[in-house]
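Structural features, examined
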Amino acid sequence: MKLGVVGLPNVGKSTLFNAITKNSIPSENYPFCTIEPNVGIVAVPDERLTVLGEMYNTKKITPAIIEFVDIAGLVKGASKGEGLGNKFLSHIREVDAIVHVVRCFDNSNITHVDGSVNPVRDIEVINLELILADLETVTKRLEKAEKLFKTGNKDSLAEVEILRKLKDVLENEKPVRSYDANEEEKELIKSFFLITSKPVIYCANISDDNIAVDEDNIEYVRQVKEFAKSENAKSVVVCARFEEELCGLSEEEAELFKEELGLKETGLSKLIVAGYDLLGLISYLTAGEKEVRAWTISKGTKAPQAAGKIHTDFERGFIKAEIVSYEDIVEAGNFLKAKEKGKVRMEGKEYVVKDGDVILFKFNV
């Protein structure tokens, strides 16, 4: 999973990125300090791996990973060359979903590019730039498709029709994801690599003072949540500064700090849960003395295709899969005991893998 982190200058975007990736990226108080996109590979926290690691006395634990891309240069007028211009386009087109960081704190020492804090206005500024970038792409593509159709290429008719619809959506300043496409149209839209077709997580960045405050009592946060709801998008609340502070602590210190404030999870955990949910992803597990590992797949993936995530040979030569749920193997104490209790199932090619399945694949090539 690759998430692109966007936001106006001085909203806490780079601070959040520093925190969740534990990378040292400049986040000084001036626009465009992040010149090139920075990439951070983040391990997905999963306590199931630790438990299985102890059970199997494993040599290696490999969690699932998420790639965060810090995308620079998005300001009002970016699609027309303002700020860093549209350098962000190629980087943002490659991500699976967008994490849109929104400033939800007042601080006179941190200037706002528009002079005041207004979460909905800020969201709309970024969204409009992405819409304008997509409109340019769609307009150019439509011109080519219409020329092809006029030459007698009937295959281009479907493309012309959907591009006209998308152009209308974008000209009304709506994102492509707001268009209710049928299955055939969805496949075509996917091939256009449009930015506003990507799902979004709106990330409300609050001040340290509001960490222990009920989210629904923070006016700026309420505005972000309402906007996200109107788009059927996800929203999470984080304090980037607090997340950055946690990075400098040991695991034990971080846990104590969280306990003092009554926090159950970090901003990173919230983002991961929202990202997995948004993209319809789950994790299955493999376990042994050599390695315990989590594998990320889409909901609805069948056993052979899940096996293919490990190696193409596993999918090609798939015979069957021995499967036990994480809960059952933990309750039994180990794989053999789970088998004795009849908790291990033999599944074939039509089995749909579930989150937390511990799987041993049988294959022959």
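Residues numbered from 1 in each chain as written. Predicted model: local features only at pLDDT ≥ 70, side-chain atom pairs only at ≥ 80, totals over all residues. Heavy atoms only, no water.

A few points about the overall build of the protein chain
This is how it is decided: Here a helix means four or more residues in a row that DSSP labels H or I, a strand means two or more in a row labelled E, and each is numbered from the N terminus. Two residues form a contact once any of their heavy atoms are found within 4.5 Å.
Along the backbone of the protein chain there are 14 helices and 12 strands. Sequence separation of 24 or more characterises 68% of the internal contacts of the protein chain that already satisfy a separation of 6 or more.

Remarks on the confidence of the model for the protein chain
The line we're drawing: Residue-level confidence of the predictor is summarised by pLDDT, bounded by 0 at the bottom and 100 at the top.
Chain-level pLDDT for the protein chain is 87 on average; 89% of the residues reach the 70-or-more range. For the stretch residues 23-35, pLDDT sits under 50, and the model shows 34 contacts to residues farther than four places along the chain or on other chains.

As for the pattern of salt bridges
Defined as follows: Any Lys or Arg side-chain nitrogen found within 4 Å of a carboxyl oxygen on Asp or Glu counts as a salt bridge. Relative accessibility decides the category of a residue: with a 1.4 Å probe and only protein chains considered, values under 20% of the type maximum give buried, values over 50% give exposed, and everything between is partly exposed.
Applying the stated criterion across every chain yields a total of 30 salt bridges. A salt bridge links Glu-291 to Lys-60, with the shortest nitrogen-to-oxygen separation between them at 3.9 Å. With a gap of 231 residues between them, Glu-291 in the loop between β8 (281-287) and β9 (292-298) and Lys-60 in the loop between α2 (47-56) and β3 (61-62) connect regions that are remote in the sequence. A residue is classified by how much of its surface remains accessible, and Glu-291, at 23% relative accessible area, is partly exposed. For Lys-60, a relative accessible area of 48% corresponds to the partly exposed category. Lys-186 is the salt-bridge partner of Glu-183, the closest N and O atoms lying 3.3 Å from each other. With Glu-183 and Lys-186 both in helix α6 (residues 183-192) and three residues apart, the pair spans about one turn of that helix. One salt-bridge network, in which partners are shared between bridges, spans Glu-215, Asp-216, Lys-225 and Lys-270.

With respect to the pairing of β8
The line we're drawing: We call two strands paired when DSSP finds no fewer than two bridges between them.
Among the seven residues of β8, six are classified as buried, and the element is accordingly described as predominantly covered. Sheet topology places β8 next to β9; seven bridges connect them, and they run antiparallel. If you follow Ile-282 over to β9, its bridge partner there is Ile-297.

As for the packing of helix α1 (residues 13-21) against helix α8 (residues 240-247)
Put simply, the test is: In this description, a line fitted to the C-alpha atoms serves as the axis of each element, helices being fitted only across the stretch in contact, and the angle between N-to-C directions of two axes falls anywhere from 0 to 180 degrees. Angle categories: roughly parallel below 35 degrees, roughly antiparallel above 145, roughly perpendicular from 65 to 115, and oblique for all the rest. Handedness of a crossing follows from how the near helix is turned relative to the far one, being left-handed for an anticlockwise turn of less than a right angle and right-handed for a clockwise one. Throughout this entry, Asp, Glu, Lys and Arg are counted as charged residues, while Ala, Val, Leu, Ile, Met, Phe, Trp, Tyr, Cys and Pro are counted as nonpolar. The remaining residues, Gly among them, count as polar.
α8 packs onto α1 with a crossing angle of 30° between their chain directions and a minimal axis gap of 8 Å. Viewed along their axes, α1 and α8 adopt a mutual orientation that is roughly parallel. The two elements α1 and α8 meet at a crossing, and its hand is left-handed. Here α1 contributes Thr-15, Leu-16, Asn-18 and Ala-19 to the contact with α8, which in turn contributes Ala-240, Arg-241, Glu-243, Glu-244 and Cys-247. Of the residues contributing to the contact of α1 with α8, the split by class is four nonpolar, two polar and three charged.

Here we look at the nonpolar core
Spelled out, the test is: Side-chain atoms within 4.5 Å link the members of a nonpolar core, which is a set of buried Ala, Val, Leu, Ile, Met, Phe, Trp, Tyr and Cys residues.
Counting residues in each nonpolar core, the largest one holds 73 residues, and the members touching the most others are Phe-68 and Tyr-202. With residues near it in sequence (within four places) discarded, Phe-68 still touches Leu-3, Val-5, Phe-17, Ile-20, Thr-21, Asn-38, Val-39, Gly-40, Val-42, Leu-268 and Leu-271. Listed in part, the 15 residues of the second largest apolar core include Ile-162, Leu-166, Ile-189 and Phe-192.

Here we look at helix α10 (residues 267-279)
The condition that has to hold: Under the convention used throughout, the expected extent of a helix is 1.5 Å for every residue step, that is, one less than its residue count.
Compared with the 18 Å implied by 1.5 Å per residue over 13 residues, the 18 Å span of α10 between its first and last C-alpha is a close match. Residues of α10 that are buried: Gly-267, Leu-268, Ser-269, Leu-271, Ile-272, Ala-274, Gly-275 and Tyr-276. Two residues or fewer after α10 comes Gly-280, characterised by a positive phi angle close to 65°.

Observations regarding the packing of aromatic side chains
Which entries qualify depends on this criterion: Here the aromatic set is Phe, Tyr and Trp, taking the six-membered ring for Trp, and pairing holds for ring centres within 6.5 Å; pairs whose planes are under 30 degrees apart are stacked, those over 60 apart are edge-to-face, and all others are tilted. Two conditions define a charge located above a ring, namely a distance within 6 Å from the ring centre to NZ of Lys or CZ of Arg, and an angle within 35 degrees of the ring normal.
As enumerated under the stated definition, the model contains six aromatic pairs in all. Taking the centre distance of 6.3 Å and the plane angle of 65° together, the rings of Phe-318 and Phe-361 count as edge-to-face. Taken together, the positions of Phe-318 in strand β10 (residues 318-325) and Phe-361 in strand β12 (residues 357-363) put the pair 43 residues apart, joining distant regions of the chain. Like Phe-318, the residue Phe-361 is buried in the burial classification. Of the aromatic side chains, those joined through ring pairs into one cluster are Tyr-284, Trp-295, Phe-318 and Phe-361. Between the NZ or CZ atom of Arg-293 and the centre of the ring of Trp-295, over which it lies, the distance is 4.0 Å.

Description of the pairing of β9
Most of β9 is tucked away, with five of its seven residues classed as buried. For β3 and β9, the ladder comprises two bridges, and the chain directions are parallel. The residue of β9 that forms the bridge with Ile-61 is Val-292. Hairpin connection, β8 to β9: the antiparallel pair is bridged by four residues.

Things to note about the sheet that holds strand β5 (residues 97-103)
Spatial ordering of the open sheet is given by β2-β4-β1-β5-β6-β7, a layout of six strands whose pairing is mixed. Of all the strands in the sheet, just β2 (38-43) and β7 (234-238) have a single pairing partner and so form its edges. The average angle at which neighbouring strand axes cross in this sheet is 25°, direction not considered. Where β5 lies against strand β6 (residues 200-205), six bridges are found, and the strand directions are parallel. Of the residues in β6, the one forming a bridge with Ile-98 is Val-200.

Examining α8
Every α-helix carries 3.6 residues per turn, so stepping three or four residues along brings you back to the same face. Going by this rule: Relevant arc is that of directions from the helix axis to the C-beta atoms, nothing else.
Considered for burial, the residues of α8 that qualify are Ala-240, Phe-242, Glu-243 and Leu-246. Considered in projection along α8, the buried side chains sweep an arc of 160° and stay on one side of the axis.

Structural notes on the environment of Leu-285
Relative to the elements of secondary structure, Leu-285 occurs in strand β8. Here the alpha-carbon distance between Leu-285 and Val-358, two residues 73 residues apart in the chain, equals 4.7 Å.

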